[in-house]
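# Overview (structure and organization)
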Amino acid sequence: MTAPQPVDLAEAVIARMSDCADPRFREVMTSLVRHLHAFVREVDLRPEEWMAAIEFLTATGQACSERRQEFILLSDTLGVSMAVVGLDQARALRCDAGTARRATEATVQGPFYWEGAPDVPLGCDLRADGVAGEPACYSGEVTDTAGRPLPGALLDIWSGDGEGVYDMQVEGQGMTLRGRLRTDSDGRYRFWSIRPSEYPVPTDGPVGAMLKRMGRHPMRPGHIHLKVSADGHMPLTTHLFARGGRYLDSDAVFGVRDSLIVDFERHEPGIAPDGRHLAQPYYTVRYDFRLAPLRDPTGFR
Ligand code: BEZ
Ligand code: FE
């Protein structure tokens with residue numbers, strides 16, 4: 001009678017995928033299974049710990065709704081979202097270092113993007129009556145990486161209010177501080193919103209409990225989100241961060257990049273450069289977005 005042979009369960013699972021017709025899916029799942037099994041062995045995972053993990057993931061899914069994306073928050077706070085953004089940038093550099101290096105850097109999308117923001121005219125004020133926050137005028141141009149203006153480029157803009165609260169976090173509230181606008185014939189854009197302030201990522205769900213248990217703070221530095229796109233160019237998802245604010249060096253989602261930190265120039269009440277009358281102090285920000293040419297997705301991985 002021979003002793004039972006130890007079974008390498010990871011390899012047994014992988015062997016069952018021999019009929020998988022999708023090579024990329026098979027590659028990804030093979031690696032995932034190997035790493036998952038290696039992790040279980042490395043930490044000598046106990047049954048009650050694995051059950052706690054399953055309950056955590058279940059609660060993460062249950063916390064998701066039309067207006068809340070707890071899984072994106074999990075990915076962001078574990079640094080995975082930024083790791084994926086970083087790999088995409090490295091891929092672009094391998095493909096065409098010349099232009100990729102000159103393109104505006106990307107960062108996380110986060111859980112508060114809401115598809116279908118209203119189309120608004122250039123120069124529009126995205127602030128609704130009574131929204132908290134100091135007014136700020138954002139302007140600049142959208143160009144390609146050679147500096148040629150991109151007329152008709154689309155900016156899809158969103159942010160929390162001046163206290164860092166997003167419309168999606170307020171029960172029953174419609175879209176606020178969101179809008180989609182297009183650059184003019186010289187590739188220029190301009191809009192009003194608020195000067196963003198630091199705020200915590202949502203802490204009332206399982207991810208918040210995880211951060212607390214990890215001994216981590218939940219804060220993000222003040223920022224405004226933008227998706228910038230134009231025909232024939234790589235779409236960009238990014239932020240502009242307010243220079244001098246707190247948490248720039250300890251963002252809870254690791255999303256800060258130096259090239260995205262901008263000056264908010266303060267002005268006394270009066271007539272703004274676009275002729276708008278401001279009864280309170282306001283800020284101006286200038287930033288030019290540079291989009292890389294569309295990559296051939298089959299050319300490299
Ligand atoms: C945000 O900036 O909206 C955000 C990003 C990641 C996690 C939570 C919030
Ligand atoms: Fe945000």
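Just above, that's the structure.
Residues numbered from 1 in each chain as written. Chains lettered and ligands numbered in written order. Predicted model: local features only at pLDDT ≥ 70, side-chain atom pairs only at ≥ 80, totals over all residues. Heavy atoms only, no water.

## Examining the nonpolar core
- One finds Tyr138, Val142, Leu155, Tyr189, Phe191, Leu226 and Phe289 to be the most contacted residues of the largest nonpolar core, which totals 31 residues.
- Contributing elements (two or more residues each) for this core: β1 (135–144), β2 (154–158), β4 (188–194), β7 (223–229), β8 (236–242), β9 (261–262), β13 (282–286) and β14 (289–291).
- Top element by residues in this core is β8. It accounts for four residues.
- Ignoring anything within four residues of it in the chain, the contact list for Tyr138 reads Tyr189, Arg190, Phe191, Ser193, Ile194, Arg195, Pro196, Ile224, Leu240, Phe264 and Val285.
- Core analysis: the second largest hydrophobic core is formed by ten residues, Leu73, Met82, Val85 and Val108 among them. (Core = buried A, V, L, I, M, F, W, Y, C linked by side-chain atoms within 4.5 Å. Buried < 20%, exposed > 50% of the residue type's maximum accessible area, 1.4 Å probe, protein only. Helix = DSSP H or I, 4+ residues; strand = E, 2+ residues; numbered from the N terminus. Contact = heavy atoms within 4.5 Å.)

## A word on the pattern of salt bridges
- For the structure on display, the rule yields 17 salt bridges.
- Ionic pairing is found between Asp204 and Arg68, a salt bridge with its closest N-O pair at 2.9 Å. Here the residue Asp204 occupies a position in the loop between β5 (199–200) and α6 (206–214), and Arg68 occupies one in the loop between α3 (47–62) and α4 (70–77), the gap between them amounting to 136 residues.
- The class for Asp204 is exposed, based on a relative accessible area of 64%.
- Arg243 is the salt-bridge partner of Asp263, the closest N and O atoms lying 2.6 Å from each other. (Salt bridge = Lys/Arg side-chain N within 4 Å of Asp/Glu carboxyl O.)

## Some words on the coordination of the iron ion (ligand 2)
- Donor atoms from the polypeptide that bind the iron ion (ligand 2) are Tyr166 (OH), Tyr199 (OH), His223 (NE2) and His225 (NE2), placed at 1.8 to 2.1 Å.
- Geometry at the iron ion (ligand 2) is irregular, judged from the six donor atoms that bind it and their angles of 55 to 167° at the metal.
- Motif for the iron ion (ligand 2), donor spacing along one chain: Y-x32-Y-x23-H-x1-H. Taken as a pair, Tyr166 in the loop between β2 and β3 (178–182) and His225 in strand β7 lie far apart in primary sequence, 59 residues in all.
- A relative accessible area of 3% means that His225 is categorised as buried. (Donors = N, O, S within 2.8 Å, 3.2 Å for Na, K, Ca; no water. Tetrahedral: all angles 85-135°; square planar, octahedral: opposite > 155°, others 65-115°.)

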